[in-house]
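Each chain, written out:
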Amino acid sequence: MWKSQIYIENFLLMKAKKTAAIVNFTIHSLRLPEDIQDPFQIEFKRGNTVGITEKKFIDSDNEVPFEKSFKCNITLIRADDDTDGEYRKKKIAFTVYRYKNSSKKVYGKFTINA
């Protein structure tokens, strides 16, 4: 189960259709289907911004608790039909790593289109 909160703040007008903003989000935890004794780490990428959590181990509820907050600068672009004030969606890519026998392996990948 993925838990996150995304907040957009500090809007600055750049051009008629573009707005600079900062996205704040928190990676709370990663729920795993089974008890795995290897450490995990989550990395995100959005444009030129990259962030990564610390390596963490699973707890007794089969969750890896991260509680790591990030900030990411973005440019919001109004949709072509901006009659309803909507912005184009932006993707943030996440990669979950598992460290097994001192090697870093991709455990899974997902994107959020927000």
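Student: What is the right way to read the pattern of salt bridges from this model?
Tutor: It is possible for side chains of opposite charge to pair when their charged atoms get near one another. A full pass over the atoms with the stated rule returns 3 salt bridges. Put simply, E63 and R31 hold a salt bridge, and the shortest N to O gap is 2.6 Å. You can see E63 sitting in strand β5 (residues 63-77) and its partner R31 sitting in strand β2 (residues 18-31), a full 32 residues away along the chain. Overall, the relative accessible area of 13% leaves E63 in the buried class. With relative accessibility at 37%, the residue R31 sits in the partly exposed group. Ionic pairing is found between E54 and K68, a salt bridge with its closest N-O pair at 3.6 Å. Separated by 14 residues along the polypeptide, E54 in the loop between β4 (49-52) and β5 and K68 in strand β5 bring together distant segments of the chain. A relative accessible area of 39% means that E54 is categorised as partly exposed. Overall, the relative accessible area of 25% leaves K68 in the partly exposed class.

Student: Please explain the pairing of β4 as it appears in this structure.
Tutor: Look at any regular strand and the pattern is simple: side chains alternate between the two faces of the sheet. Where strand β3 (residues 40-46) meets β4, 4 bridges bridge the pair, whose relative direction is antiparallel. By the bridge assignment for β4, F44 is matched with G51. Once β3 ends, the chain turns through 2 residues before running back antiparallel as β4, passing G47 with a positive phi of about 60°.

Student: Honestly, the packing of aromatic side chains in this entry has me stumped. Any pointers?
Tutor: For any pair of aromatic rings, the description rests on two quantities: the centre-to-centre distance and the angle between the ring planes. All chains considered together, the criterion is met by 7 aromatic pairs. Summarising the aromatic geometry, the rings of F25 and F44 are spaced 4.9 Å apart at their centres and angled 85° between planes, so their arrangement reads as edge-to-face. With F25 in strand β2 and F44 in strand β3, this pair connects stretches of sequence that are 19 residues apart. Across the pair, exposure class does not vary: F25 and F44 are buried alike. Taken together, F25, F44, F70, F94 and F110 form an aromatic cluster joined through their ring pairs. In this structure, K55 packs its charged tip against the face of Y99, placed 4.0 Å from the ring centre. Its guanidinium or amino end placed over the ring of Y97, K104 lies 4.2 Å from that ring's centre, counting from NZ or CZ.

Rules of the game
Note on numbering: residues in each chain are counted from 1, in written sequence order. Whole-chain, interface and lining totals are the exception, using all residues; otherwise, since this is a predicted model, local features are given only for residues with pLDDT of at least 70 and side-chain atom pairs are given and counted only at 80 or more. Each side-chain value is worked out from all heavy atoms of the structure, with water and hydrogens disregarded. Salt bridge, as applied in this entry: a Lys or Arg side-chain nitrogen positioned within 4 Å of an Asp or Glu carboxyl oxygen. For the purposes of this entry, the term helix denotes a DSSP run of H or I that reaches at least four residues, the term strand denotes a run of E that reaches at least two, and both are numbered from the N terminus. For the exposure calls, accessible area comes from a 1.4 Å probe over protein chains only, and a residue counts as buried if that area is under 20% of its type's maximum, exposed if over 50%, partly exposed in between. When DSSP finds two or more bridges between two strands, those strands count as paired. Classification of ring pairs uses Phe, Tyr and Trp, with its six-membered ring standing for Trp, and accepts pairs whose centres are within 6.5 Å; under 30 degrees between planes counts as stacked, over 60 as edge-to-face, and the remaining range as tilted. Should the NZ of a Lys or the CZ of an Arg lie within 6 Å of a ring centre and within 35 degrees of the ring normal, that charge is described as sitting over the ring.

These figures come from the coordinates and say nothing about function on their own.
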